[in-house]
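As a plain string of letters, each chain reads:
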Amino acid sequence: MNTESVIANASRLVVKVGSSLVTNEGRGLDREAVAAWAAQIAALRKLGKEVVLVSSGAVAEGMARLGWARRPKNMHQLQAAAAVGQMGLVQAYETAFAAHGLATAQILLTHEDMADRERYLNARTTLYTLLQLGVVPIVNENDTVVTDEIRFGDNDTLGALVTNLVEAGALIILTDQRGLYSADPRKHPDARFVDHATAGDPELEAMAGGAGSNVGTGGMLTKIIAAKRAAGSGASTVIASGREPELLVRLAAGESIGTTLHARMAMWSARKRWLVDHLRLRGRLQIDEGAVRALCEDGKSLLPIGVVAVEGEFERGDVVACHDASGREWARGLINYSSSDTRRILRQPSSRIAEILGSSNEPELMHRDNLVVLRAGAGG
Ligand SMILES: Nc1ncnc2c1ncn2[C@@H]1O[C@H](COP(=O)(O)OP(=O)(O)O)[C@@H](O)[C@H]1O
Ligand SMILES: N[C@@H](CCC(=O)OP(=O)(O)O)C(=O)O
């Protein structure tokens with residue numbers, strides 16, 4: 001495996017920093033570490049690389065500032081802590097980058113920003129504009145307005161989605177471990193270190209355990225799944241210790257540090273990747289075997305005749321999944337009819353749509369140009 005070129009060859013990088021690192025395991029902002037990452041990112045910029053920083057730590061820093069020892073269970077308290085902590089985070093980054101003459105920008109995203117095509121493209125344009133202006137974007141989830149049901153869940157996922165959004169060449173996940181071990185090293189001190197693997201290899205998911213610290217949320221599993229998502233756009237992922245001196249600069253110089261999860265090649269076009277990156281869908285269609293074959297083997301559009309059942313409520317233009325009777329998702333795409341209309345035309349030939357609905361827009365339920373076939377699963 002060619003190991004040296006991953007970061008050295010990438011001209012645009014996403015660097016994700018976890019809560020326990022930024023906040024010294026919840027004790028409070030680690031300004032020395034923040035200063036060290038800023039210095040390294042400034043050095044990468046001098047090499048001509050563009051960097052987007054995805055930083056966790058708002059809740060952990062908010063808790064420290066509010067004097068809370070235990071993470072609250074109450075959503076509103078979590079949201080309040082995030083609002084307090086985010087101030088500290090961006091202040092620390094602004095000060096650290098200003099020391100190198102670099103301006104910073106705060107970008108707070110929600111799942112809905114990524115799911116809505118127009119907002120997604122707006123976010124992308126803003127990020128590109130900031131990078132062109134030489135500004136370092138600092139991204140986090142907009143914790144104040146999201147609840148458990150609609151959140152990304154963890155910033156490893158957000159890091160991967162941002163990697164795909166800005167079409168970065170690589171994702172670097174900085175954490176409190178050297179990288180991936182064959183088992184959680186906190187519980188299994190004899191675990192074997194994995195220096196290279198292929199992103200998306202199912203064996204990796206079995207190795208990963210949950211979060212190790214009180215302030216981290218995802219653990220290794222979300223990092224492995226993030227690498228699989230990023231690989232969808234051809235980006236490889238490096239998981240490494242944020243405490244390793246000069247880590248980013250050494251990676252850029254071609255040194256092999258941490259765990260590299262290699263992407264094979266981009267699997268989807270930008271538009272199809274946006275479909276794949278939807279984390280929550282409004283609805284699902286159960287399709288029959290003939291429809292699975294038509295979509296997956298023959299590259300055809302989905303017609304109402306192949307639909308057996310409709311779940312959920314959705315509008316024309318929403319992203320909807322297609323699954324078989326066993327529940328396996330085979331494809332997803334933009335649907336041409338609302339859920340109520342789809343229920344009326346399922347199992348019917350397209351020639352009857354106008355008669356049943358009173359009007360007919362398209363003969364297809366999902367046009368092949370607007371759907372993506374998921375041969376190896378939906379990237380997580
Ligand atoms: N196979 C594994 N290899 C390395 N670390 C693992 C593994 N499984 C679980 N972990 C745990 O994942 C933790 C890092 O995840 P997390 O606490 O969410 O950190 P972060 O805040 O950096 O996202 C490590 O401290 C470690 O205890
Ligand atoms: N948006 C949250 C991120 C929480 C999170 O995912 O943390 P981590 O597992 O440390 O990356 C925060 O800033 O507290």
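Residues numbered from 1 in each chain as written. Chains lettered and ligands numbered in written order. Predicted model: local features only at pLDDT ≥ 70, side-chain atom pairs only at ≥ 80, totals over all residues.

1. Description of the confidence of the model for the chain
Segments scoring low in pLDDT should not have their predicted coordinates read at a detailed level.
Then comes step 1: Of the residues in the chain, 95% have a pLDDT of 70 or more, and the chain-wide mean is 92.
Then comes step 2: If you check the scores for this complex, the pTM reads 0.87 and the ipTM reads 0.97. (pLDDT = per-residue confidence, 0-100.)

2. Overview of the site of ligand 2
Then comes step 1: Surveying the vicinity of ligand 2 reveals 16 residues, the closest of which are Gly-18, Ser-19, Ser-56, Ala-58 and Val-59.
Then comes step 2: Elements represented by at least two residues in the shell around ligand 2 include exactly helix H4 (58-66) and strand E4 (136-141).
Then comes step 3: Residue composition of the shell around ligand 2, by class: four nonpolar, nine polar and three charged. (Near = placed C-beta within 6 Å. Helix = DSSP H or I, 4+ residues; strand = E, 2+ residues; numbered from the N terminus. Nonpolar A, V, L, I, M, F, W, Y, C, P; charged D, E, K, R; others polar.)

3. Considerations on unusual backbone geometry
Then comes step 1: Phi is positive for Glu-246, which is not a glycine, with a value near 55°.
Then comes step 2: Note on placement: Glu-246 falls in the loop between strand E7 (236-241) and helix H11 (247-252).
Then comes step 3: Of note, the phi angle at Arg-347 is positive, near 70°, even though the residue is not glycine.
Then comes step 4: Mapped onto the elements of the fold, Arg-347 is located in the loop between helix H14 (339-345) and helix H15 (353-357).
Then comes step 5: Here Arg-347 falls in the exposed class, since 11 other C-beta atoms lie within 10 Å of it. (Buried ≥ 20, exposed ≤ 12 C-beta atoms within 10 Å, placed from the backbone.)

4. Focus on the sheet that holds strand E11 (residues 319-323)
Then comes step 1: Here we have five strands laid out as an open sheet, ordered E10-E9-E11-E12-E13, and mixed in their pairing. With one partner strand each, in any of the chains shown, strand E10 (307-312) and strand E13 (371-373) form the two edges of the open sheet. Strand-to-strand twist of the sheet, defined as the mean angle between neighbouring strand axes without regard to direction, takes the value 20°.
Then comes step 2: Summarising the sheet, strand E9 (residues 283-287) and E10 pair through five bridges and their orientation is antiparallel. Pairing of Ile-287 across the sheet is with Val-307, part of E10. (Pairing = 2+ DSSP bridges. Axes fitted to C-alpha atoms, helices over the stretch in contact; angles between N-to-C directions.)

5. Looking at the UniProt feature "binding site: ATP" (unreviewed entry) in the chain
Then comes step 1: Residues given the UniProt feature "binding site: ATP" (unreviewed entry) here are Lys-16, Thr-175, Asp-176, Thr-217, Gly-218, Gly-219, Met-220, Leu-221, Thr-222 and Lys-223.
Then comes step 2: Mapped onto the secondary structure, Gly-218 falls in the loop between helix H9 (202-207) and helix H10 (219-231).
Then comes step 3: Structurally, the position occupied by Met-220 is in helix H10.
Then comes step 4: Excluding residues within four positions of it along the chain, Met-220 makes contact with Leu-180, Ala-208 and Gly-209. (UniProt positions renumbered as here; feature names shortened; annotations may be inferred. Contact = placed C-beta atoms within 7 Å.)

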